[in-house]
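Residues per chain are reported as follows:
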Amino acid sequence: AQTVTQSQPEMSVQEAETVTLSCTYDTSESDYYLFWYKQPPSRQMILVIRQEAYKQQNATENRFSVNFQKAAKSFSLKISDSQLGDAAMYFCAYTGSARQLTFGSGTQLTVLP
Amino acid sequence: ETGVTQTPRHLVMGMTNKKSLKCEQHLGHNAMYWYKQSAKKPLELMFVYSLEERVENNSVPSRFSPECPNSSHLFLHLHTLQPEDSALYLCASSQGLSNTEAFFGQGTRLTVV
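About the cut-offs
- Residues numbered from 1 in each chain as written.
- Chains lettered and ligands numbered in written order.
- Predicted model: local features only at pLDDT ≥ 70, side-chain atom pairs only at ≥ 80, totals over all residues.
- Heavy atoms only, no water.
- 1 Å grid on protein atoms, 1.4 Å probe; cavity = no way out; pocket = protein on both sides within 12 Å on 5 of 7 lines; lining within 4 Å.
- Points joined across faces, edges and corners; volume = space filled by probe spheres on them.
- Helix = DSSP H or I, 4+ residues; strand = E, 2+ residues; numbered from the N terminus.
- Nonpolar A, V, L, I, M, F, W, Y, C, P; charged D, E, K, R; others polar.
- Buried < 20%, exposed > 50% of the residue type's maximum accessible area, 1.4 Å probe, protein only.
- Pairing = 2+ DSSP bridges.
- Polar contact = N/O pair within 3.5 Å; in protein donor to acceptor, adjacent residues only side chain to side chain.
- Contact = heavy atoms within 4.5 Å.
- Axes fitted to C-alpha atoms, helices over the stretch in contact; angles between N-to-C directions.
- Disulfide = S-S within 2.5 Å.
- Salt bridge = Lys/Arg side-chain N within 4 Å of Asp/Glu carboxyl O.

This brings us to the layout of surface pockets. It is a probe the size of a water molecule, rolled over the atoms, that shows where empty space is left. Computed from the structure, the largest pocket encloses a volume of approximately 490 Å³. Surrounding the largest pocket, 21 residues form its lining, Met89, Ser105 and Gln108 of chain A together with Ala39 and Lys40 of chain B being those nearest its centre. Contributions of two or more residues to the lining of the largest pocket are made by β10 (88-95) of chain A together with β9 (87-94) of chain B. Split by residue class, the lining of the largest pocket holds 8 nonpolar, 8 polar and 5 charged.

Right, let's get into the pairing of strand β11 (residues 108-112) of chain B. All names here are of chain B. Burial along β11 is one-sided: Thr108, Leu110 and Val112 are buried, and none of Arg109 and Thr111, which face the opposite way, are. Bridging between strand β2 (residues 10-13) and β11 involves 4 bridges; their strand directions are parallel. Bridge pairing in β11 links Leu11 to Leu110. Pairing of β9 with β11 involves 3 bridges; the strand directions are antiparallel. Residue pairing for β11: Tyr89 is matched across the bridge by Thr108.

Moving on to empty space enclosed by the protein. Tallying each qualifying case throughout the model produces 1 cavity of 30 Å³ or more. Taken as a whole, the largest cavity spans an internal volume of roughly 70 Å³. For the largest cavity, the lining is made up of 11 residues, of which Arg99 and Leu101 of chain A together with Tyr33, Leu97 and Thr100 of chain B are closest to its centre. Taken together, the residues of the lining of the largest cavity sort by class into 5 nonpolar, 5 polar and 1 charged.

What follows concerns the side chain of Gln37 of chain B. Relative to the elements of secondary structure, Gln37 of chain B occurs in strand β4 (residues 31-37). Taking the relative accessible area as the measure of exposure, Gln37 of chain B reaches 11% and is therefore buried. A polar contact is formed between the side chain of Gln37 of chain B and the side chain of Gln39 of chain A, at a distance of 2.8 Å. Setting aside its immediate chain neighbours within four residues, Gln37 of chain B contacts Gln39 and Phe91 of chain A together with Leu43, Ala87, Leu88 and Leu90 of chain B.

Further remarks concern the sheet that holds strand β8 (residues 73-79) of chain B. All names here are of chain B. Reading across the sheet, the 4 strands line up as β1-β3-β8-β7 and stay open at both edges, with antiparallel pairing between neighbours. Each having just a single partner strand, β1 (4-7) and β7 (64-70) make up the two edges of the open sheet. Here the strands of the sheet are splayed against their neighbours by 20° on average, with no regard to which way each runs. Across 4 bridges, the pairing between β1 and strand β3 (residues 18-25) is antiparallel. Counted as the bridge partner of Thr5 is Glu24 from β3.

Turning our attention to the state of the cysteines. All names here are of chain B. In total, this model carries 2 disulfides over all chains according to the counting rule given. One disulfide bridge connects Cys23 with Cys91, the sulfur atoms lying 1.9 Å from each other. Between Cys23 and Cys91 the disulfide shows an S-S torsion of about -75°. By sign, it is left-handed. Here Cys91 lies in strand β9 and Cys23 lies in strand β3, a separation of 68 residues in the sequence. Residue Cys23 is classed as buried on the basis of its relative accessible area, which comes to 0%. For Cys91, a relative accessible area of 0% puts it in the buried group.

Right, let's get into the pattern of salt bridges. Across all of its chains, the model carries 7 salt bridges over all chains by this definition. Measuring nitrogen to oxygen at the nearest pair gives 3.5 Å for the salt bridge that ties Glu52 of chain A to Arg50 of chain A. On the basis of relative accessibility, which here comes to 24%, the residue Arg50 of chain A falls in the partly exposed class. Two residues, Arg50 of chain A and Glu101 of chain B, come together in a salt bridge whose shortest N-O distance is 2.6 Å. Separated into two different chains, Arg50 of chain A in strand β6 (residues 46-52) and Glu101 of chain B in the loop between β9 and β10 (103-104) make up a pair that spans both. Each of the salt bridges in this network shares a partner with another, and the network as a whole consists of Arg50, Glu52 and Lys55 of chain A together with Glu101 of chain B.

Put into structure tokens, the structure is as follows:
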């Protein structure tokens, strides 16, 4: 079974600075997708960024980018120029042949003004 | 507004009550999901419906009973719940089951007393 591990329960960053959230996963599959979701206090899970495992190029979405290391099974999220609105719980997620999302336990990000 | 609406937003029920959670998606998706989110635990997939057929049941207790009358609506019927069932219940939808991102509702915060 696939597992997703987020080893940082809490992180903080100064506004306008850069922060990196860690995620590792365990799988024997070669074809899969990875996601970062954001859950603000409103509780709605919002997709931040998505990476296809067959793509070597790291995905980017404006201030959000990932460092995808397939061999190391690592998928970290970098948030540049952090804003107060980035404060939320961030979840790393995996989906493969089982066709269901497996989530990590989340990282609570605090943005300090 | 992500196109997935859940009602009610909050629910308090006694252990002998019967209640239902409702989810509606306006995205034209053909797969819908129920997730349970408990404090400090990864999201747990409870049920998956694709094209009105339940395709997954992750050993969820029978006191939770899903219903999917059509591709736009999903219900979770609750009866004789336990206090440990108190959690945030999230509904999600996606286009197909394979490797596509899920769109989430804002959840129902359930408290069992």
